[in-house]
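Examining the three-dimensional arrangement
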Amino acid sequence: MIRSILLDIEGTTTPIAFVHDVLFPYARSHVRQYLETHLNSSEVLASLVRLKAEHTVDLEEKLDPPPLVSQPRVAAIDSMVAYVNWLIDLDRKSLGLKLLQGKIWEQGYFAGSLRAPVFEDVAPALKRWRHAGLSLSIFSSGSVLAQQLLFGHTKAGDLTQFIDNYFDTSTGPKGEMQSYQLIADALELPAPAILFISDVVTELDAAREAGMQTRLCIRPGNHPQPESSHQRIESFEMIFG
């Protein structure tokens, strides 16, 4: 029945440590330089609009975020850097943050400073699934750009040739059923024809509620998960291997 495979990234195709120990620190250490250089670009301005709106909500909810100022330029950048780092520390699934991080990582990938590790079974599985006629998609909290950059610059080579679609949290939160219904609609497939693989039980619960088939991916370094009825896999070789 499976006609399409939908993959999570962190803890499923790529070690969690790469995201938290490499990508996040890279964004943190380069955000000031990036803002100083690209502050007036349309993409950065769009990210900043989202971040400022989110900051307003944080103030209303009394979360005590670092203050933002608009002038002078140096002080404005300093305040945005502090807020961005605050969001990174919270691991906030912020669209504005994700868009900005994606642009920073883009420079790193293109400069050769970043290369993404993938588990050794990932590249062979993508090739095998594509040969079997399955469509392949990604659903991650990282922006679509960040997803494309990661799979385009892996230590196993450029894997984007095997991936048909990318979905981020602009589709919806990963823990909500409606997000998976929207993905099924976008793929023009009935939900039961889609297999979602993730390392997070709450995401799998939401996908199953939408009608998708599910597998819980167990990888070294992954966070412990609660007991569930999702079939467990430790390698993609267990899927059409």
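Notes on the structure follow. (Residues numbered from 1 in each chain as written. Predicted model: local features only at pLDDT ≥ 70, side-chain atom pairs only at ≥ 80, totals over all residues. Heavy atoms only, no water.)

Some remarks on the environment of Gly-157
Residue placement: Gly-157 occurs in the loop between helix H6 (144–152) and strand E3 (165–167). Note on Gly-157: relative accessible area 28%, which makes it partly exposed. Measuring from C-alpha to C-alpha, the distance between Gly-157 and Pro-124 comes to 12 Å, with 33 residues separating the pair along the chain. (Helix = DSSP H or I, 4+ residues; strand = E, 2+ residues; numbered from the N terminus. Buried < 20%, exposed > 50% of the residue type's maximum accessible area, 1.4 Å probe, protein only.)

Considering the pairing of strand E1 (residues 4–7)
Taking every second residue as pointing to the same face, both faces of E1 are buried, with Ser-4 and Leu-6 on one and Ile-5 and Leu-7 on the other. Where E1 and strand E2 (residues 135–139) come together, 4 bridges link them in parallel fashion. Along E2, the bridge assignment pairs Ile-5 with Leu-136. The pairing of E1 with strand E4 (residues 194–198) spans 4 bridges and is parallel. Residue pairing across strands places Ile-5 opposite Leu-195, the latter belonging to E4. (Pairing = 2+ DSSP bridges.)

Considerations on the packing of aromatic side chains
Tallying each qualifying case throughout the model produces 4 aromatic pairs. For the ring pair Phe-139 and Tyr-180, a centre distance of 5.4 Å and an interplane angle of 80° mean the geometry is edge-to-face. Of this pair, Phe-139 sits in strand E2 while Tyr-180 sits in helix H7 (residues 177–187); the two residues are 41 residues apart in sequence, bridging distant segments of the chain. According to the relative accessible area criterion, Tyr-180 is buried, its value standing at 0%. An aromatic cluster is defined as three or more aromatic residues linked by ring pairs; in this entry it consists of Phe-139, Tyr-180 and Phe-196. (Phe/Tyr/Trp six-rings, centres within 6.5 Å; stacked < 30°, edge-to-face > 60°.)

Some points on the pairing of E2
A large share of E2 lies buried, amounting to 5 of its 5 residues. The side-chain alternation of E2 yields two buried faces, one formed by Ser-135, Ser-137 and Phe-139 and the other by Leu-136 and Ile-138. A crossover connection joins E2 to the parallel E3 through H6; in handedness this β-α-β unit is right-handed. (Right-handed = clockwise from strand over helix to strand, strands pointing away.)

Points about H6
Regarding H6, the residues found buried are Ala-146, Gln-147, Leu-149, Leu-150, Phe-151 and Gly-152. Tucked inside the fold, the buried residues of H6 contact helix H1 (16–38), helix H4 (95–111), E2 and E3. (Contact = heavy atoms within 4.5 Å.)

As for the packing of helix H2 (residues 42–60) against H4
Where H2 contacts H4, the two axes come as close as 7 Å, and the packing angle between them is 155°. As far as their axial angle goes, H4 and H2 are roughly antiparallel. H2 and H4 meet at a crossing whose hand is left-handed. Of the residues in H4, those touching H2 at Glu-43, Ser-47, Arg-50 and Leu-51 are Leu-95, Gly-96, Leu-97, Leu-99, Leu-100 and Lys-103. When the residues that make up the contact of H2 with H4 are grouped by side-chain class, the tally is 5 nonpolar, 2 polar and 3 charged. (Axes fitted to C-alpha atoms, helices over the stretch in contact; angles between N-to-C directions. Parallel < 35°, antiparallel > 145°, perpendicular 65-115°, else oblique. Left-handed = near helix turned anticlockwise from the far one by under 90°. Nonpolar A, V, L, I, M, F, W, Y, C, P; charged D, E, K, R; others polar.)

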